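So the chains spell out like this:
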Amino acid sequence: VLVADDDQMVLTVLSGVLQNFGMECHAAPDGGSAMQLLRRLRPHAAVLDVNMPTLDGFEVLSAIRSEALGIRVLLLTARQQESDVLRGFALGADDYMVKPFSPLELVARLKRLVRQ
Amino acid sequence: MTGTLLLTAVALFGGLLLIMLALLALAVRGARRRQESAPAAIPLDIREALADYVAGSDDLSRLRAVVATRRGQIAHAIASLHQSLGGSARDRLCSLALEFGLVQYWIEETGSPYPDRGRNAYAQLASLSVYEPCRRIASDVLLKALKSEDSEIRLAGYRFLIHTRAAGELKFVLEAAISQNLLTRIRLTEYLRSHATTLCERAVPEWLRSGDVRRLCGILDILAAWERAIPLEDLDRLLHHQDPEVRIRALRLVPLVPCTAGNAAALMSALADADPNVGLAAAASAGRMRLQEALPLLARLLRSASPEVSRAAAAALAQIPPRGPQVLREISGGSNAVAAAAAGEALLRFDHRGAA
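A quick note: this is a predicted structure, and the numbers were derived from the prediction, not measured.

Our next topic: the overall build of chain A. Broken down by element type, chain A carries five helices and five strands. In chain A, the succession of helices and strands from N to C terminus is β-α-β-α-β-α-β-α-β-α. Here chain A has a C-alpha radius of gyration of 12 Å; the compact-globule value for 116 residues is 13 Å, and the two agree. When the 116 residues of chain A are sorted by exposure, 52% land in the buried category. Carbon and sulfur atoms provide 50% of the accessible area of chain A, an area that totals close to 5000 Å². If the 12 positive side-chain charges of chain A are averaged to one point and the 14 negative ones to another, these points end up 8 Å apart.

Right under this line is the structure:
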């Protein structure tokens, strides 16, 4: 799983939690480096923050879909307006979670996505 | 003479030494304060130790070692992470803050002579008060915050009340939101969003029966800003309110409340309202609701003399396919320049959305 978030604290926690649940996890602090890792590693799933430097989560998601990378995407963001959620799904997100988030719920959703 | 010179030299040297010692003491104090006052970057060892803990580990030895020497840093790390986490992870963090004496630390910090540190401490206590044991300990301080002259500190008090989830307290905060400055109102609106359903049971309907137009507009603005479905049944009356400002705000809510025959009829009649701003709000809602029956009235609005109203009607028509875009295509080639321009713009956006 690739996790991209510009908040170092959240990034460390997410990586730690996913690893504790037996997932191999790679971290990226911005959208640009996330995209590079996604192209190189082709992970099963990506957890993307929306507000990130260089490329935001929506742009990374668009690129994943336009390049047909075949990666499940969960958007994780503080943006909870209906328009943001709809935009995320319209761009092809498989799931959308709003911060503050429960790490255990995120793991459960990711497991379901990866199983699909 | 030589003795006098020697004494002067010794005195000068002593003075210089004293000044240097004083400067050194100030530098050390400053460094300590900077460390205590939560630096921006959280060291990796703290991040990793907290991540382990949040992930479920009960081994606190690494964190205990850190808290003994770098309490400010760990307080900052917990505060920073707390904003992003929910569920049991958030409760674990709050419990950690209690165990490490950070709640008490922030209570003491509220009395800091440095206003920023005091405000920060209130904000942290307000965040932690989501967890009942923390709320109990910080309640006196946070209740006192409600009487502060500083709006940031009052905000912490309101957040504390919101965390109690009691209907009466939520109503109190909603009332406060309406009467506070715009910035505080915006922030309280956000904090109250997740309690919209509770508030719509009694508090909001009571407010909507108010005869005070300013307050009525305030509450309608808050409801619209929530941008979520709300179980409100009494909107019909406000859609026919004599004051256009109230009608405009009520119209923005129509897509968010249960669709009743009364609301739909009021929306249709608002499309023909003499006040162009009312028509504008009605057009936006009709488009959002994709009301097929609004097509003729929207087409008429599109031909209105006001470019702003024309654009709103065109945008609404573009949201009601397939007939809406067809109407736009017909009008974009017509002789009414304002309508044709508005229809052309809306069609461009519609085609762009379709391509995306």
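Turning our attention to helix α21 (residues 323-332) of chain B. For α21(B), every residue scored as buried is listed here: Gly324(B), Pro325(B), Val327(B), Leu328(B) and Ile331(B). The buried side chains of α21(B) occupy one side of the element, clustering within an arc of 155 degrees when seen end-on.

Turning next to the confidence of the model for chain B. All names here are of chain B. Summing up the model confidence of chain B, the mean pLDDT is 89 and the portion of residues at 70 or higher is 90%. Of the regions scoring below 50 in pLDDT, residues 35-39 engages in 14 contacts with residues more than four places distant in sequence or in other chains. Per the prediction output, this complex has pTM 0.78; the corresponding ipTM is 0.85.

Tracing the backbone through its elements, the reader meets Asp84(A) in helix α4 (residues 82-90). Residues contacting Asp84(A), with those up to four places away along its chain left out, are Phe58(A), Arg79(A) and Tyr96(A).

Before going further, it helps to examine helix α18 (residues 276-289) of chain B. All names here are of chain B. With 14 residues, α18 should reach 20 Å at 1.5 Å per residue; the first-to-last C-alpha distance of 20 Å fits that figure. Residues Val-278, Gly-279, Ala-281, Ala-282, Ala-283, Ser-285, Ala-286 and Gly-287 constitute the buried set of α18. Buried positions along α18 lie against α16 (244-253), α17 (261-270), α19 (295-302) and α20 (307-318). Near the N-terminus of α18, the side chain that reaches the backbone nitrogen of Asn-277, with its oxygen 2.8 Å away, is that of Asp-275. Remark: Arg-290 follows α18 within two positions and exhibits a positive phi of approximately 55 degrees.

Another point: the interface of chain A and chain B. Taken together, the 18 residues of chain A in the interface contact 22 residues of chain B. Summed over both partners, the interface of chain A with chain B buries about 1600 Å², with 59% contributed by carbon and sulfur atoms. Counting every contact that joins chain A to chain B gives zero salt bridges. The biggest single contributor to the side of chain A that touches chain B is helix α1 (residues 8-20) of chain A, with eight residues. Classifying every residue of the side of chain A that touches chain B by side-chain character gives eight nonpolar, seven polar and three charged.

A few words now on unusual backbone geometry. A cis amide bond links Lys99(A) to the next residue, Pro100(A), at an omega of 0 degrees. Residue Pro321(B) is joined to Pro322(B) through a cis peptide bond whose omega torsion reads 5 degrees. Among the structural elements, Pro322(B) can be located in the loop between α20 and α21. Of note, Ala68(A) is a non-glycine position whose phi angle comes to about 50 degrees, a positive value. Position of Ala68(A) relative to the elements: it lies in the loop between α3 (57-66) and β4 (72-77).

Residues and elements named next belong to chain A. Taken in spatial order, the five strands make up an open sheet running β2-β1-β3-β4-β5, and their pairing is parallel. Unpaired on one side and paired on the other, β2 (26-28) and β5 (95-98) mark the two borders of the sheet. Each strand axis lies, on average, 15 degrees off the axis of its neighbour in the sheet, ignoring direction. Where strand β1 (residues 2-4) and strand β3 (residues 45-49) come together, three bridges link them in parallel fashion. Note on β3: the bridge partner recorded for Leu-2 is Ala-46. Along the sheet, α1 contacts β1, β2, β3 and β4; its crossing angle with β1, the most-contacted strand, is approximately 160 degrees.

By convention here, two paired aromatic rings are described through the distance between centres and the angle between planes. All names here are of chain B. On inspection of all chains with the given rule, the structure shows three aromatic pairs over all chains. An angle of 50 degrees between the planes, with centres 6.2 Å apart, marks the rings of Tyr-105 and Trp-106 as tilted. Side by side, Tyr-105 and Trp-106 carry an identical accessibility label, which is buried. For the ring pair Tyr-158 and Phe-172, a centre distance of 6.4 Å and an interplane angle of 45 degrees mean the geometry is tilted. Here Phe-172 lies in helix α10 (residues 167-179) and Tyr-158 lies in helix α9 (residues 151-164), a separation of 14 residues in the sequence. In this arrangement the basic side chain of Arg-92 is found over the ring face of Tyr-53, its NZ or CZ atom lying 4.2 Å from the centre.

Residues and elements named next belong to chain A. Most of β4 is tucked away: five of the six residues are buried. With five bridges connecting them, β3 and β4 associate as parallel partners. Paired with Asp-49 across the bridge in β4 is Leu-76. Where the polypeptide runs from β3 across α3 and back to β4, its parallel neighbour, the crossover connection is right-handed. For the handedness criterion, the β-α-β arrangement of β4, α4 and β5 is classed as right-handed.

Conventions adopted
Residues numbered from 1 in each chain as written. Chains lettered and ligands numbered in written order. Predicted model: local features only at pLDDT ≥ 70, side-chain atom pairs only at ≥ 80, totals over all residues. Heavy atoms only, no water. Helix = DSSP H or I, 4+ residues; strand = E, 2+ residues; numbered from the N terminus. Rg over C-alpha atoms; globule rule 2.2 N^0.38 Å. Buried < 20%, exposed > 50% of the residue type's maximum accessible area, 1.4 Å probe, protein only. Areas by Shrake-Rupley, 256 points an atom, 1.4 Å probe, with all protein chains shown as cover. Lys, Arg positive; Asp, Glu negative; His and termini not counted. Charge placed at Lys NZ, Arg CZ, Asp CG, Glu CD. Arc of directions from axis to C-beta. pLDDT = per-residue confidence, 0-100. Contact = heavy atoms within 4.5 Å. Expected span 1.5 Å × (residues − 1). Polar contact = N/O pair within 3.5 Å; in protein donor to acceptor, adjacent residues only side chain to side chain. Buried area = accessible area lost by both parts, 1.4 Å probe. Salt bridge = Lys/Arg side-chain N within 4 Å of Asp/Glu carboxyl O. Nonpolar A, V, L, I, M, F, W, Y, C, P; charged D, E, K, R; others polar. Pairing = 2+ DSSP bridges. Axes fitted to C-alpha atoms, helices over the stretch in contact; angles between N-to-C directions. Phe/Tyr/Trp six-rings, centres within 6.5 Å; stacked < 30°, edge-to-face > 60°. Lys NZ or Arg CZ within 6 Å of the ring centre and 35° of its normal. Right-handed = clockwise from strand over helix to strand, strands pointing away.

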